[in-house]
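Structural description and commentary
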Amino acid sequence: MTGKSTGDAAGEPTGQPTGKLLFPDAALVAYGRAHPGAGLTIGVVLELEGPPPERRQLADSLRPVAELLGTRPSDGGPWNGAVEYAEAGPGRELSDVAHEALTSPLEPHRWSCGAVAGLPGGTSALVWRADHRLLDGAGAAGVLAAWTGAHRPDAATASPARAEPWRARGAVHRAVTDPLRAAWLCGAPLLERRRANAPERAEDAVGAEHPPTALSYACAEIGLGVLRDIARRHGTTVNDVYLAALSGALRTRPELDGPDGRVRALVPVNVRGPGDAAVLRNRHIPLRILLPVVEPDARRRLALVAARTAGRARALRHPLVRAVFRSIPAAAGGWCFERYFDPARATLLASNVRGPSSALAVAGRRVLRTLPLNFLPAGHRLSTVLATAQGRAVVGFTTSEPRAAAESLAAAWLGELRVLAAAQAAATGVTTSPTALAR
């Protein structure tokens, strides 16, 4: 489904044409209008071997992306153009580039690409950013695959550690229970009462939304094999390991707890079906998970996360749920997302994006590292995104706290993985190489 961009009811470009504006697209459009200071920038920062491509080379490499998301601005599409080139200052690292990418404004319903030369080791960086109203995390992974010519992963495939195929034992039972569970998962955050000690509006939690909230960024990197080994030995998924380590890291920052002292993570679930697997637009439903931050034992935290996520993503991908999903009036989207992202109902956004596993290159330059960018919902103080590509796992931390706090969380997340790896080694007698846990 590619071609020129179309517009929504208000005449704003929506990127890829898909007929009527579906529920999550309309929801993010309404959410962005209600909270212009929050920003909806997502994206990826690529570290390249050697200097950046020339402008013409970079523009040529982005043509497949322009075909997916829209044509050049002269044709009415949402592309800002690959026109931003900069030189890195002394001591500037790739994470500094990502940090600055989140603080630079991006026009609504637009995407852009810039280049930064002169990073340590003679490398360079490409910064690809997009407004979340154009696409979601799985769509961003599709853009990365199109840009680099890599095979696009099937983001809807369950982790092999705990695969839960629809056509498996108990399918008849699940045919009844999964739609009911999905209705409860989606409906409970919308219908529950606001807590007595919660702020009245998201704006009250952060003050005036103009100017935009100042953001900080940090990241934690590790081999994807480490997460897979932990997941396999504990019978869970990579996403469970990610959330369990996040739960442990948040134990060091009690000030980031919700109004009632609990931490509820919003985990977007990709609900693409066979007919729209290649669609880049927003095709997700946020799933709320109570993180076991108060649990002192790391293995117990992982077990609790696994129990709280088991079967939920599968339920949201039920064919009946997708049919209902497509029938929800677009006008209801803004109201739903206001409640989903309400800081009194959800503490943080925790996304998980599967990128290409094969080696990546842009305009003939090898991609050495990829850092994900995630937006911060209004009134929230932290959002995280786990991105996997080329055998590496990177968690990006976006926060309204000082950058040192983001870096502290990133270090604490890696520390939690070491605890889990050590716990599994003690239980199985299998040791994990120290270099495997290195950055």
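Before going into details, it helps to say that this report is about the structure given with it.

Calculation rules
Within every chain, residues take consecutive numbers counted from 1 along the sequence as written. Owing to the predicted nature of the model, reporting of local features is limited to residues with pLDDT of at least 70; listing and counting of side-chain atom pairs is limited to 80 or more, with chain, interface and lining totals taken over all residues. Only hydrogens and water are set aside; all other atoms, that is, all heavy atoms of the structure, feed into the side-chain values. Here a strand is any run of E in DSSP of at least two residues, a helix any run of H or I of at least four, and the numbering for each starts at the N terminus. Contacts: residue pairs with any heavy atoms within 4.5 Å of one another. Whether a residue is buried, partly exposed or exposed follows from its accessible area with a 1.4 Å probe, protein chains only, as a fraction of its type maximum: under 20%, in between, or over 50%, in that order. In this analysis, strands are considered paired if DSSP registers two or more bridges between them. What counts as an axis is a line fitted to C-alpha atoms, over the stretch in contact for a helix, and the angles between N-to-C directions run from 0 to 180 degrees. Note: the arc covers the axis-to-C-beta directions of the helix. Think of a 1 Å grid over just the protein atoms. A cavity is a set of points where a 1.4 Å probe fits yet cannot get out, a pocket is an open set with protein on both sides within 12 Å along at least five of seven lines, and lining residues have an atom within 4 Å of a point. Grid points are joined across faces, edges and corners, and a volume is the space filled by probe spheres set on the points. Residues were grouped as follows: Ala, Val, Leu, Ile, Met, Phe, Trp, Tyr, Cys and Pro as nonpolar; Asp, Glu, Lys and Arg as charged; and all remaining residues, including Gly, as polar. In what follows, salt bridge is the name for a side-chain nitrogen of Lys or Arg lying within 4 Å of a carboxyl oxygen of Asp or Glu.

Turning to its location among the elements, L215 is positioned in the loop between helix 7 (202–206) and strand 7 (216–223). C-alpha separation for the pair L215 and T103, spaced 112 residues apart in sequence, amounts to 6.2 Å. Those residues in contact with L215, other than ones at most four positions away along the chain, are H99, L102, T103, L376, T398 and T399.

Tracing the backbone shows E67 in helix 3 (residues 63–69). On the accessibility criterion, E67 (54% relative accessible area) is exposed.

For the rest of this paragraph, the subject is the pairing of strand 9 (residues 284–291). Among the eight residues that make up strand 9, seven are buried, leaving the element largely enclosed by the rest of the structure. Bridge count for strand 8 (residues 263–270) against strand 9 is eight bridges, and the pairing is antiparallel. Bridging from a neighbouring strand, P268 pairs with P286 of strand 9.

The next thing to look at is the sheet that holds strand 6 (residues 123–131). Taken in spatial order, the six strands make up an open sheet running 4-5-6-3-12-11, and their pairing is mixed. Here the strands that pair on one side only, and so sit at the sheet edges, are strand 4 (84–87) and strand 11 (361–362). Across eight bridges, the pairing between strand 3 (residues 41–48) and strand 6 is antiparallel. Bridge pairing in strand 6 links V44 to W128. In this fold helix 4 (residues 94–103) packs onto strand 3, strand 5 (111–119), strand 6 and strand 12 (365–373), with an angle of close to 50 degrees to the strand it touches most, strand 12.

For the rest of this paragraph, the subject is helix 13 (residues 333–340). Regarding helix 13, the residues found buried are G333, G334, C336, F337 and Y340. For helix 13, the angular spread of the buried residues around the axis is 160 degrees, confining them to a single face.

It is worth spelling out the sheet that holds strand 14 (residues 392–399) at this point. Pairing is mixed across the open sheet formed by six strands, whose spatial order is 7-14-13-10-8-9. The open sheet is flanked by strand 7 and strand 9, the only strands paired with a single partner. Between one strand and the next, the sheet's axes are offset by a mean angle of 20 degrees, whatever the strand orientation. Bridging between strand 10 (residues 348–354) and strand 13 (residues 382–389) involves six bridges; their strand directions are parallel. Following the sheet pairing, R354 is matched in strand 13 by T388. The strands touched by helix 8 (residues 224–234) within the sheet are strand 7, strand 13 and strand 14, with strand 7 carrying the most contacts at an inclination of about 70 degrees. Each of strand 8, strand 9, strand 10, strand 13 and strand 14 touches helix 9 (residues 238–250); the most contacted strand, strand 10, lies at about 145 degrees to it.

So, about the layout of surface pockets. Its volume calculated, the second largest pocket comes out at about 430 Å³. Forming the boundary of the second largest pocket are 25 residues, of which P36, A38, G39, L40 and T41 lie nearest the centre. Elements with a minimum of two residues in the lining of the second largest pocket: helix 1 (23–34) and helix 4. For the lining of the second largest pocket, the per-class residue count stands at 12 nonpolar, nine polar and four charged.

With that out of the way, let us pick up the pattern of salt bridges. One pass over the structure, following the stated rule, counts 18 salt bridges. Across the pair E401 and R381 runs a salt bridge, and its minimum N-O distance is 2.8 Å. Note that E401 is positioned in the loop between strand 14 and helix 14 (403–428) and R381 in the loop between strand 12 and strand 13, a separation of 20 residues in sequence. Here E401 falls in the buried class, since its relative accessible area comes to 15%. Under the relative-accessibility criterion, R381 is labelled partly exposed at 33%.

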